[in-house]
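# Structural features, examined
Next come the chains, spelled out residue by residue.
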Amino acid sequence: MNSKELFKESKKYLSGGVDSPVRAFKPHPFFVEKARGSKIWDVDGNIYIDCCLGYGPMILGHGNIKITEAIAKQLSNGTSYGAPTENEITLAKMVVDRVPSAQMVRFVNSGTEATMSAIRLARGFTKKDKIIKFEGSYHGAHDYVLVKSGSGAATLPDSLGIPKDTTKNTLSVPFNDEEALANLIKKQKDEIAAVIVEPVMGNIGCVEPKKGFLEFLREITRENNILLIFDEVITGFRLSKGGAQTYYHIVPDIVTMGKIIGGGFPMGAFAGKKEIMEMIAPSGNVYQAGTFNGNPISVTAGISTLKQLDQTFYKDLNKKGNFLREKIAEIIEDLDLNVNLVGLSSMFQIYFNSKKVLNYEIAKQSDTAKFLVYFKELMKNGIFIPPSQFECNFISCAHNKEDLAEIAIAIESSLKIAWNK
Ligand SMILES: *Cc1c(COP(=O)(O)O)cnc(C)c1O
């Protein structure tokens, strides 16, 4: 069956034909045959250079040989024990060595679980109930945070099925808006447990913090006995060895991780100061548990991944990112387009928007119809990016110079068609 037929079949058995909503782009998604390095093959015989990369995890490209070998060895020793392993200590130590805010770690199964648990922990530690998030930020699909949430949708209707009693404790303010946050905290500081933030907003495209904004967050939370949670599910191990906190030199109280940390297998983690982390069961009274927590396969893949992510790796990857963004900037200038190229390190996006995007409100004003034309043209030219203006594009170390040149050429011709140039 080809992708079109598979999607028709899939819709009979899987709700919406997919297992996660952003995958269901029109007229139908491609079904994957395999992926290797920087490339992904569909069942219809097309090959794409992959700039979606599993929405972030595959920073070493697909089928990394060292991970594959490590996993193969672990597979023959069993895949789930319900008892601890030395490898969990090894990976936790690697996280603690790299990530400034991490003194102790708990491994979970996804980014969603990581933020859910981190928020419970912050509430338990501070004995307060409210949290503040930023409009358009995405912290996974659980009830506490599906309020004015990003993740691929321009305007996500708040989900049905979430009791108002749950979300009344979730407040939100615009990103990069110090005054709005200060006002909110002033009014309710005795009730606010935590501020949770994506240091770079990767779920409405790619929005960087204004200079001084993260410093401001650090100060105002400290002054008001509020915990600062960095949701580094995207930025962790991507922006640098220690994630966004090392890149921007701001140390939060709790950090959540996911995506890259599992080396392509399901995993998440949260970490923080010892005195906070020790409140988690069994050493403390904030409950957190999971059958697959610290899963031997995911942990093995995580160790192999982090081992490969050294300083040289980031230097090389960031150079590739800079090279690609420079090429794209030239193209945009030559075509004289009123669009906005954003990104840093190995992340990039083009906002079909003439304004500088500082927050969700501005991001939403982008021309999504034109963006979809651009997305489809890129596919025709053999480049796969997430099918939304409000997702981030990634590159991996497996993307070589030829791949990057090919991406730039495809972007040029796709922009031309989207903008009738
Ligand atoms: C992807 C993502 C999550 C959710 O992680 P899952 O593993 O999909 O549950 C949470 N926060 C951010 C910033 C993310 O990008």
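Residues numbered from 1 in each chain as written. Predicted model: local features only at pLDDT ≥ 70, side-chain atom pairs only at ≥ 80, totals over all residues. Heavy atoms only, no water.

### What about the sheet that holds strand E12 (residues 347-351)?
For the record, the criterion: DSSP-based pairing: two strands are paired if at least 2 bridges between them are found. Segments assigned H or I by DSSP are reported as helices when at least four residues long, segments assigned E as strands when at least two residues long, and all are numbered from the N terminus.
Overall, antiparallel pairing links the three strands, which are arranged E11-E12-E14 in an open sheet. At either margin of the open sheet sits one strand with a lone partner, and together these are strand E11 (340-344) and strand E14 (393-394). Sheet analysis places E11 next to E12, joined by five bridges and oriented antiparallel. Pairing of Asn 340 across the sheet is with Tyr 351, part of E12.

### What to know about empty space enclosed by the protein
The following threshold applies: Residues are said to line a cavity or pocket when one of their atoms sits within 4 Å of a point; the points come from a 1 Å grid over protein atoms alone, cavities being sets where a 1.4 Å probe fits but cannot get out and pockets being open sets with protein on both sides within 12 Å along at least five of seven lines. Grid points are joined across faces, edges and corners, and a volume is the space filled by probe spheres set on the points. Note on residue classes: Ala, Val, Leu, Ile, Met, Phe, Trp, Tyr, Cys and Pro are nonpolar, Asp, Glu, Lys and Arg are charged, and everything else, Gly too, is polar.
Here the structure, examined in full by the defined rule, presents one cavity of 30 Å³ or more. Lining the largest cavity, in full, are Val 99, Glu 232, Gly 236, Phe 237, Gly 242, Gly 243, Gln 245, Val 255 and Met 257. Taken together, the residues that form the lining of the largest cavity break down as four nonpolar, four polar and one charged.

### Quick look at the side chain of Ser 346
Condition: Under the rule applied, a polar contact is a pair of N or O atoms within 3.5 Å (in protein, one hydrogen donor and one hydrogen acceptor; residues adjacent in sequence only if both atoms are side-chain atoms). Here, two residues are considered to be in contact whenever any of their heavy atoms come within 4.5 Å of each other.
If you trace the backbone, Ser 346 turns up in the loop between E11 and E12. Polar contacts involving the side chain of Ser 346 include one to the side chain of Arg 238, which spans 2.8 Å. Beyond its immediate stretch of four places on either side in the chain, Ser 346 contacts Arg 238, Leu 317, Asn 318, Asn 393, Phe 394 and Ile 395.

### Overview of unusual backbone geometry
In this structure, the amide linkage connecting Lys 26 to the following residue, Pro 27, adopts the cis form with an omega of 0°. With respect to the helices and strands, the residue Pro 27 is situated in the loop between helix H1 (3-13) and strand E1 (32-36). Even without a glycine there, the phi angle at Ser 345 is positive, about 55°. Positionally, Ser 345 belongs in the loop between E11 and E12.

Everything listed here is a matter of geometry and, on its own, says nothing about what the molecule does.
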